[in-house]
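Residue strings, one per chain:
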Amino acid sequence: MSKITSIISGLSLKEKADLVSGKDFWFTAQVSGLDRMMVSDGPSGLRKQADASNALGLNKSVVAVNFPSSSLTAASFDRALLQELGRNLGQAAKAERVGILLGPGINLKRSPLAGRNFEYFSEDPYLTGELASSYVQGVQESGVGVSLKRFAANNREDQRFTASSNIDQRSLHELYLSAFEKAVKMARPATIMCSYNAINGTLNSQNQRLLTQILREEWGFKGLVMSDWGAVSDHVAALKAGLDLEMPGKGNESTSEIIEAVNKGQLDEKVLERAASRVIQMVEKWQPENKTVISYDLEKQHRFARQLAGESIVLLKNEQQLLPLKSNQSLAVIGQLAEKPRYQGSGSAHVNAFNTTTPLKVVQDILPKTAYQAGYQIDSDQIDQQAEQAAVDLAKQADQVVVFSGFPSSYESEGFDKKTISLPDNQNHLIERLAAVNKKIIVVLENGSALEMPWVGQVEAIVETYLAGEAVGEATWDILFGRVNPSGKLAESFPIKLADNPTYLTFNADRKNENYHEGLFVGYRYYDKKKQEVLFPFGHGLSYTTFEYRKLELLKSDHEVTVSFEIKNTGSVAGKETAQIYLSNQTSEIEKPLKELKGFAKVSLNPGQTKQVEIVLDKRSFSWYNPETDKWQVDNGSYQIQLAASSRDIRLTKNLLIDWSENKVQALSPDSYLSDILKEQAFKAPLKESGLDKLLQQLAGDENNQAILTNMPLRALMMMGVSNHQIQQFIKLANQS
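Residues numbered from 1 in each chain as written. Predicted model: local features only at pLDDT ≥ 70, side-chain atom pairs only at ≥ 80, totals over all residues. Heavy atoms only, no water.

Engineer: Teacher, can you tell me more about the packing of helix H4 (residues 79-95) against helix H5 (residues 125-141) here?
Structural biologist: Helices that pack against each other are described as a pair by the angle of their axes relative to one another and the distance between those axes. Relative to each other, H4 and H5 sit at 35°, their axes nearing to 6 Å. Here H4 and H5 pass one another in a crossing that is right-handed. Only Tyr126, Glu130, Leu131, Ser134, Tyr135, Gln137, Gly138, Val139 and Glu141 of H5 make contact with H4, whose side of the interface consists of Arg79, Leu82, Gln83, Leu85, Gly86, Arg87, Leu89 and Gly90. Among the residues forming the contact of H4 with H5, the class breakdown is seven nonpolar, six polar and four charged. (Axes fitted to C-alpha atoms, helices over the stretch in contact; angles between N-to-C directions. Helix = DSSP H or I, 4+ residues; strand = E, 2+ residues; numbered from the N terminus. Left-handed = near helix turned anticlockwise from the far one by under 90°. Contact = heavy atoms within 4.5 Å. Nonpolar A, V, L, I, M, F, W, Y, C, P; charged D, E, K, R; others polar.)

Structure follows, in structure tokens:
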């Protein structure tokens, strides 16, 4: 008898019911033979509550290193760094006796207005899945489990407990489930957290198709499914669907409703035992061994937070090589965010940071004579004439001006969506006035997600730091002074204006329903297909050096394609470049993007150095989800491999033919098109036997008819004197061939 079976057999019905609900905000239940275990927030740093019964109490959480938000770390395009981030988070959680870390969040950035975008990686499911898998592996290597969240299609915050995400099946599988599938299969997370929302009318906590059929039966998930906090509407229905643990539980009411359902025959006790067994399995595997909190090296973790931010910060613009800053020129710092930086998100991701370094303090330690003016108040959008004029006067005197700008914390948070992606009016106005008196303006952004930049053509340099974590001060100046060569690449597209994005007409338009009318065309998939100009494209990021891409080669085997190429550092300083592989399906007769990211590699190069790179594309890379068969499908034909520095900077291309699928002739019907019938050798004999061959050859022989045949079904031949009997005879013969 296994230990889990032994524990279950010794439990009363009440204890089984206790196990499937959290006993307070952060602990599982304690029952005979099983101690309780703590779970805690922590996607960008541990947020263990000192008072375990308090869900909010942000100021009472333990001190921990606040790492950069996922919106920034995704820009690293670096699997190894994300795995190291996971190890650091796991170490902190283990030291504090936390068994399960609640993160990472891996929902897609469908709309730039989504309030929680700072917690998520990307608009692209491939990039999200790769980075999430590395993060999960890092945490779990440290002996702490993760809760991959929020499953699934949790793309807005307004009415998040009740709104239904209404999505077609192709888009659901190819975009919104794809990253979860990759992380489940590659990294085997301890738990999955189901989200508040419904999908196509069924709450995710009660969605058997999602929680059981897809997650467990199709993907092979073996862990536990817990709810997001308060996501369970009907606990009995949730257990039947495949939910195992309601968090945080409703006290005695949670236990009583389960006992009552079992006693009335509304819930099979075997279903309850299944969920309870998974809770026991989780606690047995991930319960911390130490009985007391142990110390760990916070200073070392802070240094890693600085490195991680530096490797992720994106240089968006750098005209006239304004950056790195020149040490022999005077410097002015403007913007209250230099003094009071916004470096982390609000809500459950908020960390009681160990050592926050502000940009202003750091630069004044390096260059004590650096002048500063606030220029605006971050908690207001009103123009302060006196503060703005003082900043303009300072800019007139300086050789170089660094302006810190970004969203206030009130703009983006868990719990609500944004209304705008524009900076506060006072900040936009200030930047435009500064640019009018000094050409050498560098804008440093502190924001959780994409924003508009009406002044983009008036400034020479722009640096995107997103929410850079507690080492924001050090990491920002590492980039600006050139101690670190920027290598971050945008993991989301920046539209020129909010109205350009594909969800503009529908996002948050309906309190009950979030309708995904854009389907597959999210982010760069939309902007590319529509030939829509963007402010900065997906995958974009500059360096202080330059790179050349060479010698693209493809090697096809039975089930994969190996893409090989060279990258050379053609500049004068060492740097890192992220090469991106996009795949263009030129064969399948379906709705499809022009191209999709299917591979990437980050390469470190000294000046003049060349490296050979190989990226393997598996069969899934060439597949699309067919909702008619509920399967992934590869179509034989032509595909193009694109080697790129961004989604809009394609350096080299090569075409190849895929022939991996069996050439199955589709069964014919009266609606089958004549042009398709004429292409197939297998139909020649049935055409002749049915007597249709001469008529079709006559029609096809006339050039004027060829275009018409492309859009003419078999049944239309009746208007040319062909009998229905003759058509049915041909169909029968053809389908037997």
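What follows picks up the thread again.
Engineer: I tried to follow the pattern of salt bridges on my own but got confused; where do I start?
Structural biologist: Pairs can form between side chains of opposite charge once their charged atoms are near each other. By the definition in use, this model includes 54 salt bridges. Between lysine 48 and glutamate 96 there is a salt bridge; the shortest N-O distance is 3.3 Å. Placement of lysine 48 in the loop between strand E1 (39-41) and strand E2 (63-64) and of glutamate 96 in the loop between H4 and strand E3 (100-102) is noted, with a sequence separation of 48 residues between them. Glutamate 96 matches lysine 48 in its accessibility class, with the two residues each being buried. For aspartate 500, the salt bridge is made with lysine 497, and the minimal N-O distance between the two is 2.9 Å. Linked by salt bridges that have partners in common, Arg116, Glu119, Arg150, Glu157, Arg160, Asp228 and Glu414 make up one network. (Salt bridge = Lys/Arg side-chain N within 4 Å of Asp/Glu carboxyl O. Buried < 20%, exposed > 50% of the residue type's maximum accessible area, 1.4 Å probe, protein only.)

Engineer: Looking at this model, I keep getting lost on the nonpolar core. Mind explaining?
Structural biologist: Most often, soluble globular proteins have nonpolar side chains that are buried together. Membership of the largest hydrophobic core comes to 110 residues, with the highest contact counts inside it found for Leu19, Ile100, Phe151, Tyr176, Met226, Trp229 and Leu267. The leading source of residues in this core is helix H11 (residues 269-286), at nine residues. When residues no more than four places from it in sequence are discounted, the contact partners of methionine 226 are Ile100, Leu102, Ser147, Thr191, Ile192, Met193, Cys194, Leu243, Leu245 and Met247. Membership of the second largest hydrophobic core comes to 65 residues, among which are Ile431, Leu445, Ile462 and Leu480. (Core = buried A, V, L, I, M, F, W, Y, C linked by side-chain atoms within 4.5 Å.)

Engineer: Would you explain empty space enclosed by the protein in this entry?
Structural biologist: Sizing a probe to match a water molecule and rolling it over the atoms shows the empty space that remains. Applying the stated criterion to the full structure yields seven cavities of 30 Å³ or more. Here the largest cavity defines a volume of roughly 130 Å³. Forming the walls of the largest cavity are 14 residues, and the residues nearest its centre are Asn585, Lys592, Glu596, Ser623 and Trp624. Of all the secondary structure elements, the ones that give two or more residues to the lining of the largest cavity are helix H6 (169-176), strand E20 (575-585) and strand E21 (596-605). If you add up the space inside the second largest cavity, you get close to 90 Å³. Forming the boundary of the second largest cavity are 13 residues, of which Lys109, Arg110, Pro112, Glu123 and Ser493 lie nearest the centre. Split by residue class, the lining of the second largest cavity holds four nonpolar, five polar and four charged. (1 Å grid on protein atoms, 1.4 Å probe; cavity = no way out; pocket = protein on both sides within 12 Å on 5 of 7 lines; lining within 4 Å. Points joined across faces, edges and corners; volume = space filled by probe spheres on them.)

Engineer: It is not clear to me how the sheet that holds strand E26 (residues 649-658) should be interpreted in this structure. Could you clarify?
Structural biologist: Adjacent strands of a sheet form backbone hydrogen bonds with each other and so pair up, either parallel or antiparallel. A sheet is described by the order of its strands in space; here four strands give the open sequence E21-E20-E25-E26, paired in antiparallel fashion. Looking at strand neighbours, the two that pair on one side only are E21 and E26, the edges of this open sheet. Strand-to-strand twist of the sheet, defined as the mean angle between neighbouring strand axes without regard to direction, takes the value 20°. Here E20 runs beside strand E25 (residues 637-646); their pairing, made up of six bridges, is antiparallel. Pairing of glutamine 580 across the sheet is with alanine 644, part of E25. (Pairing = 2+ DSSP bridges.)

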